[in-house]
Amino acid sequence: MTSGRLLLIVTVPAILIGLCITAGVSLGAAPISFVTVWSIVVNKLAPGLIEVTWSAGRDSIVWDVRFPRVILAALVGAGLAVVGAVLQAVTRNPLADPHLLGVSSGGALGAILALLHTGLIFGLVTVPLFAFIGSLLATIAVVAVTRFTGQAADRLVLSGIAVAFVATALANLLIFLGDPRAAHTVVFWLLGGLGLAQWPHLVYPAVALGGCLVWLILRAREINALAMGDETAATLGIPVVRFRAQLFVITALVTGVMVAFSGAIGFVGLMVPHFVRLAAGSDNVRVIPLSALTGAVVLILADIASRVVMAPEDIPIGVITGLVGGLAFIAILRR
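Residues numbered from 1 in each chain as written. Predicted model: local features only at pLDDT ≥ 70, side-chain atom pairs only at ≥ 80, totals over all residues. Heavy atoms only, no water.

A. Seen up close, the overall build of the chain. Counting its secondary structure elements, the chain contains 15 helices and zero strands. Relative to the compact-globule value of 20 Å for 335 residues, the chain shows a C-alpha radius of gyration of 20 Å, a close match. If one aligns the C-alpha atoms of the chain with their principal axes, the spans along those axes are about 65 × 60 × 40 Å. Of all 335 residues assigned to the chain, the portion counted as buried reaches 50%. Expressed as a percentage of contacts within the chain between residues at least 6 apart in sequence, the contacts between residues at least 24 apart total 74%. By element, 72% of the accessible surface of the chain is carried by carbon and sulfur atoms, the whole surface being about 15400 Å². One finds the centroid of the 18 positive side-chain charges in the chain at a distance of 8 Å from the centroid of its 13 negative side-chain charges. (Helix = DSSP H or I, 4+ residues; strand = E, 2+ residues; numbered from the N terminus. Rg over C-alpha atoms; globule rule 2.2 N^0.38 Å. Buried < 20%, exposed > 50% of the residue type's maximum accessible area, 1.4 Å probe, protein only. Contact = heavy atoms within 4.5 Å. Areas by Shrake-Rupley, 256 points an atom, 1.4 Å probe, with all protein chains shown as cover. Lys, Arg positive; Asp, Glu negative; His and termini not counted. Charge placed at Lys NZ, Arg CZ, Asp CG, Glu CD.)

In structure tokens form, the structure reads like this:
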């Protein structure tokens with residue numbers, strides 16, 4: 001790939017993210033002009049630099065409601081897309097995805113357990129911690145079921161679907177056994193949504209994604225080797241079993257943290273890596289960072305659609321990604 005094409009592939013998603021963030025903050029039940037949006041942002045970052053000509057209500061809508069929501073959408077989209085890209089490479093299965101493999105369902109189960117039954121026993125980190133544990137246990141269960149039923153690639157997806165059904169059933173049981181007055185709040189984690197985004201909470205998904213993304217990019221060539229087969233990876237000196245276990249823990253961590261703050265959002269991790277590989281090839285040195293950029297764009301656009309289609313009501317973002325992702329899934333099966 002030429003340097004010019006690589007620069008183009010990196011620059012276009014980055015520009016799209018900037019445009020999408022602007023559109024995401026501007027559009028909604030109460031549209032706000034792009035100029036006002038960035039004037040408010042600049043005023044928050046450098047108070048007094050710009051004369052305030054907007055109302056306090058618009059200031060609150062932009063800075064306290066929409067901007068953290070759009071940033072969370074970018075973080076979650078990037079995280080889920082990266083997880084999908086890594087899982088597809090590690091399992092050598094083009095249908096691998098945190099939602100299809102039950103990882104998201106496990107995370108949702110852990111979050112619901114913390115919300116309805118244990119309470120915030122570890123403070124604000126309780127829900128992300130329980131979601132991570134749920135995602136990790138779901139990942140272990142998928143691997144165990146696949147080994148028990150057979151090592152074929154199609155068995156992995158079927159095992160993931162089975163684990164997802166079990167995790168969803170357990171989550172429904174926890175909702176049934178929980179306080180009916182609080183049960184409606186966990187629908188958020190079952191359908192997916194970004195309406196609970198707040199500035200103080202963004203540090204958790206940002207740190208989890210940033211740290212794991214750097215680690216994955218540094219190990220991208222080893223992931224390439226693993227994608228070519230265990231024998232090839234072993235001949236290159238890669239400890240296959242340990243490295244695969246590390247990748248599963250990393251993907252479970254990212255998925256669990258994202259699910260804790262956005263609910264179970266499906267198909268982003270399935271669609272985005274395929275589109276990225278069509279444009280940039282299969283080298284994970286490029287696929288992983290480009291999947292992060294593209295995933296952020298995709299989920300910001302999905303969030304805009306969820307707020308605009310039935311304004312002033314918000315459609316759960318999981319409904320939007322499910323509809324679009326289901327059609328994309330059919331197209332992938334066709335190929």
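Moving on, there is more to tell.
B. Quick peek at the packing of aromatic side chains. Tallied over the entire structure, the rule returns six aromatic pairs. Here Trp38 and Phe67 contribute two aromatic rings whose centre-to-centre distance is 6.2 Å and whose plane-to-plane angle is 90°, an arrangement assigned as edge-to-face. Taken together, the positions of Trp38 in helix 2 (residues 34–45) and Phe67 in helix 3 (residues 56–91) put the pair 29 residues apart, joining distant regions of the chain. Owing to a relative accessible area of 34%, Trp38 belongs among the partly exposed residues under this scheme. Three or more aromatic residues joined by ring pairs form one cluster here, namely Trp38, Trp63, Phe67 and Trp199. (Phe/Tyr/Trp six-rings, centres within 6.5 Å; stacked < 30°, edge-to-face > 60°.)

C. Geometry of the pattern of salt bridges. Under the counting rule described, the total for this entry stands at eight salt bridges. Where Arg244 meets Asp230, a salt bridge forms, and the shortest distance between an N and an O atom there is 2.7 Å. Taken as a pair, Arg244 in helix 12 (residues 240–262) and Asp230 in helix 11 (residues 230–235) lie far apart in primary sequence, 14 residues in all. The partly exposed category is assigned to Asp230, whose relative accessible area is 28%. (Salt bridge = Lys/Arg side-chain N within 4 Å of Asp/Glu carboxyl O.)

D. Spotlight on the nonpolar core. Within the largest apolar cluster, 83 residues are counted, with the highest numbers of intra-cluster contacts made by Leu216, Leu247, Ile288 and Ile300. Looking at this core element by element, the count peaks at 19 residues for helix 3. Beyond its immediate sequence surroundings of up to four residues, Leu216 is in contact with Val82, Val86, Ile223, Leu247, Ile250 and Ile288. (Core = buried A, V, L, I, M, F, W, Y, C linked by side-chain atoms within 4.5 Å.)

E. Just the environment of Ile320, in detail. Its place among the elements puts Ile320 in helix 15 (residues 317–334). Ile320 gets classed as buried once you look at its relative accessible area, which sits at 15%. Put simply, Ile320 and Ala305 are 15 residues apart on the chain and 7.6 Å apart in space, counted from C-alpha to C-alpha. Setting aside chain neighbours within four positions, we find Ile320 in contact with Ala302, Ala305, Ser306 and Ile315.

F. Just the side chain of Gln88, in detail. Within the fold, Gln88 resides in helix 3. In contact with Gln88, not counting residues within four places along its chain, are Asn93, Pro94, Ala96, Gly269, Leu270, Pro273, His274 and Arg277.

G. Structural context of helix 5 (residues 126–149). With 24 residues, helix 5 should reach 34 Å at 1.5 Å per residue; the first-to-last C-alpha distance of 34 Å fits that figure. Among all positions in helix 5, only Thr126, Val127, Pro128, Phe130, Ala131, Phe132, Gly134, Ser135, Ala138, Thr139, Val142 and Thr146 are buried. (Expected span 1.5 Å × (residues − 1).)

H. Highlighting helix 15. With 18 residues, helix 15 extends 26 Å from end C-alpha to end C-alpha; this agrees with the ideal 26 Å at 1.5 Å per step. Every buried residue of helix 15 is listed here: Ile317, Gly318, Ile320, Thr321, Gly325, Ala328 and Phe329.

I. Region of interest: empty space enclosed by the protein. The tally for this structure, following the rule as stated, stands at one cavity of 30 Å³ or more. As for the largest cavity, its lining consists of Leu87, Thr91, Leu101, Val103, Thr139, Val142, Val143, Leu156 and Phe248. Secondary structure elements with two or more residues in the lining of the largest cavity: helix 3 and helix 5. The element that contributes the greatest number of residues to the lining of the largest cavity is helix 5, accounting for three residues. Partitioning the lining of the largest cavity into residue classes produces seven nonpolar, two polar and no charged. (1 Å grid on protein atoms, 1.4 Å probe; cavity = no way out; pocket = protein on both sides within 12 Å on 5 of 7 lines; lining within 4 Å. Points joined across faces, edges and corners; volume = space filled by probe spheres on them. Nonpolar A, V, L, I, M, F, W, Y, C, P; charged D, E, K, R; others polar.)

All quantities given are derived from atomic positions and should not be read as evidence of function.
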